[in-house]
Structure formats: structure tokens, C-alpha cells
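# Analysis of the macromolecular model
If you want the building blocks of each chain, they are given just below.
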Amino acid sequence: MTKQKTVLFACGTGIATSTVVAHAVEDALKERGITFNSRQCKATEVASQIDDVDLVVSTTQLPKDLGKPVITTLAFLTGIGKAEALDKIEAVLRD
Amino acid sequence: MAKALLNYLDPGAIVLGVEAGSDQDVIRILSDRLHRLGYVKPSFAEAVLAREATLPTGLPLGLDNNVAIPHTDPEHVLKPGLAMATLCRPVTFCNMEDPDEKLQVSVVFLMALNDKDQQIEMLQEIAMTIQSAETIAALMQSNTVEDITRLLA
């Protein structure tokens, strides 16, 4: 068993869409047998919060070159492309 | 199907068939309702507009009727609430994921949030509503506030 990974969920305010996305990803990945530590922040705070993070999932554009994998997706809000987004997240967390 | 939405969606903050010239018009109209109903501070409208300009909230649904979910920081909110507008003509919002992309939006949910853990249910039900093309179409066809509350009950 490797160390549990940490996912940082980001959005504009750090309270609205990242909350929806965090819950949706936690529930869907639990079904796939994966658990992880979850944190949330504003898009503008990502750079300062990224040190111990394995993956960033954002609903809004983030600065480039954060040095960690970033998945920007609206799939968990609009339902469009949800399976593909989950596959990408799962791949990073199983890596 | 979306009962929790009705816990937050104030009938006085539902505006149907709005004639708005821009995204800013819609945000001002709905902010004014939330302010008059006691949900938000006077600073709310300008804060939402400022946020929309840098971090837009349009959501592409791959439909004729896209949705936007403008909102802002909790400091401008007195108590959680939700306002909704359907537009007789779409207005342009920018895509949350790609601010350079413009979207034609016909349904707007203006959210007043102050505690994400308490309002997760509302947030999830907005997402659920958005993900149903049928519900969006039915919202667009609703002529009265009663139609909307029946639809969401």
C-alpha cells in the first residue's frame, strides 16, 4: 500500500464548483476502489498550496508550469466527458 | 427531483423571459432581487461582476441553451440563497474553462454562498439540473414561478 495521494480541487472562489467536483470525484473513485486526501482552494492560491499535492483538478484556467499534473475540466458540472475525466484522474492516482 | 434547490431558490428571485442586453444586465437584475430579499450585501452585485470579468462562469452544455452560474466570495453574502433567470434572448458569457470562448447562455443561476459544506446539496442539485437537457428545456418553457416550483419539486 503506497502513501495516500492528495488532490487539490480549485475553482474561482474555492467554495462553489470545486466543492461539487471534489464530492463527485471522491464518490466516483471510491467506486473504483481509490481513496485520496482532498483539499480545496481558489485558483489564485494553487501555486502556494501545491507542494504536497499529487494532482490538481480545476474548473478554471490555472497558471502554466505548476510542476504537478493538472486536469482542467467542467465534466463534473456539465456531465459531458465525465468518464474520460475520471479515467485521467484515476491514472494519475494509480501511478 | 431537485427539492433542495427549492429550499434556496426564493420565488421572489425567479425571473422568467428576461430581456437582457448583456451578462452584466442579468447579473444586476438577479443581484437586485437577492439584495431586496435580504440575502446579500449591497456590494454583492459589483463583486459578482468583477469576478465574472476575470473568472467567468459560463458552462457549455453542447445545447442551444447554455447555462451560467455567477457567484462571488462569502463576504458579500448575508444568508445562502439562489436566484434564477431564463432569458428570452441569449446573452454572452465566457466559458469557465476557457475565458476566451464565448457561450450563448439562456439560463442563469446566481448563487449566494457562504458555507460550502452546508450548501453542497444546493450545489450538487444545480449540477444535476444542468446535466438534464430535459430540465433545462422545461425551465426555458416555464411561464410562471409556479411552473418552476412544480418542475423542481
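Residues numbered from 1 in each chain as written. Chains lettered and ligands numbered in written order. Predicted model: local features only at pLDDT ≥ 70, side-chain atom pairs only at ≥ 80, totals over all residues.

The name an unreviewed UniProt entry assigns to chain B is PTS system galactitol-specific IIA component, from the organism Phyllobacterium myrsinacearum.

Identification of chain A as PTS system galactitol-specific IIB component from Phyllobacterium myrsinacearum is taken from an unreviewed UniProt entry.

This brings us to the overall build of chain B. For chain B, the count of helices and strands is six helices and five strands. Ordered by position from N to C terminus, the α and β elements of chain B give α-β-α-α-β-β-β-β-α-α-α. Computed over the C-alpha atoms, the radius of gyration of chain B is 14 Å, within 12% of the 15 Å expected from 2.2 N^0.38 for a compact globule of 153 residues. Along the first, second and third principal axes, the C-alpha atoms of chain B reach 35 × 35 × 30 Å. For chain B, long-range pairs separated by at least 24 residues make up 72% of all intrachain contacts whose partners lie at least 6 apart in sequence. (Helix = DSSP H or I, 4+ residues; strand = E, 2+ residues; numbered from the N terminus. Rg over C-alpha atoms; globule rule 2.2 N^0.38 Å. Contact = placed C-beta atoms within 7 Å.)

Glancing now at the packing of helix 2 (residues 23–36) of chain B against helix 3 (residues 44–54) of chain B. All names here are of chain B. As a packed pair, helix 2 and helix 3 sit with axes 9 Å apart at the nearest point and diverge in direction by 150°. Considered as vectors, helix 2 and helix 3 are oriented roughly antiparallel to each other. The handedness of the crossing between helix 2 and helix 3 comes out as right-handed. For the pair formed by helix 2 and helix 3, the contact residues are Asp23, Gln24, Ile27, Arg28, Ser31, Leu34 and His35 on the first element and Phe44, Ala45, Val48, Leu49 and Glu52 on the second. Residue composition of the contact of helix 2 with helix 3, grouped by class: six nonpolar, three polar and three charged. (Axes fitted to C-alpha atoms, helices over the stretch in contact; angles between N-to-C directions. Parallel < 35°, antiparallel > 145°, perpendicular 65-115°, else oblique. Left-handed = near helix turned anticlockwise from the far one by under 90°. Nonpolar A, V, L, I, M, F, W, Y, C, P; charged D, E, K, R; others polar.)

In the numbering used here, UniProt assigns the feature "domain: PTS EIIA type-2" (unreviewed entry) to residues 7–153 of chain B. End C-alpha to end C-alpha, residues 7–153 of chain B measures 10 Å, and it is 37% helix and 27% strand. (UniProt positions renumbered as here; feature names shortened; annotations may be inferred.)

To continue, consider the interface of chain B and chain A. Tallying the contact residues gives 23 residues for chain B and 17 residues for chain A. A breakdown of the residues in the side of chain B that touches chain A according to their chemical character gives 13 nonpolar, five polar and five charged.

Turning our attention to helix 1 (residues 17–31) of chain A. Compared with an ideal rise of 1.5 Å per residue, which puts 15 residues at 21 Å, helix 1 of chain A spans 22 Å between its outermost C-alpha atoms and is within 8% of the ideal. If you check which residues of helix 1 of chain A are buried, you get Thr17(A), Ser18(A), Thr19(A), Val20(A), Val21(A), Ala22(A), Ala24(A) and Val25(A). Close packing links the buried residues of helix 1 of chain A with strand 1 (6–11), strand 2 (37–42), strand 3 (55–58), helix 3 (75–78) and helix 4 (82–94) of chain A together with helix 4 (120–130) of chain B. Once helix 1 of chain A ends, the next one or two residues include Gly33(A), with phi positive near 80°. (Expected span 1.5 Å × (residues − 1). Buried ≥ 20, exposed ≤ 12 C-beta atoms within 10 Å, placed from the backbone.)

The subject of this paragraph is the sheet that holds strand 2 (residues 58–59) of chain B. All names here are of chain B. Taken in spatial order, the five strands of this open sheet run 1-4-5-3-2, and their pairing is mixed. Looking at the sheet topology across the chains shown, the edges are occupied by strand 1 (9–18) and strand 2. Sheet topology note: the strand 4 (residues 81–94)/strand 5 (residues 102–112) ladder contains ten bridges and is antiparallel. From the neighbouring strand, Leu82 faces strand 5, where its bridge partner is Met111. Docked against the sheet, helix 2 engages strand 1, strand 3 (66–68), strand 4 and strand 5, running at close to 165° with respect to strand 4. (Pairing = 2+ DSSP bridges.)

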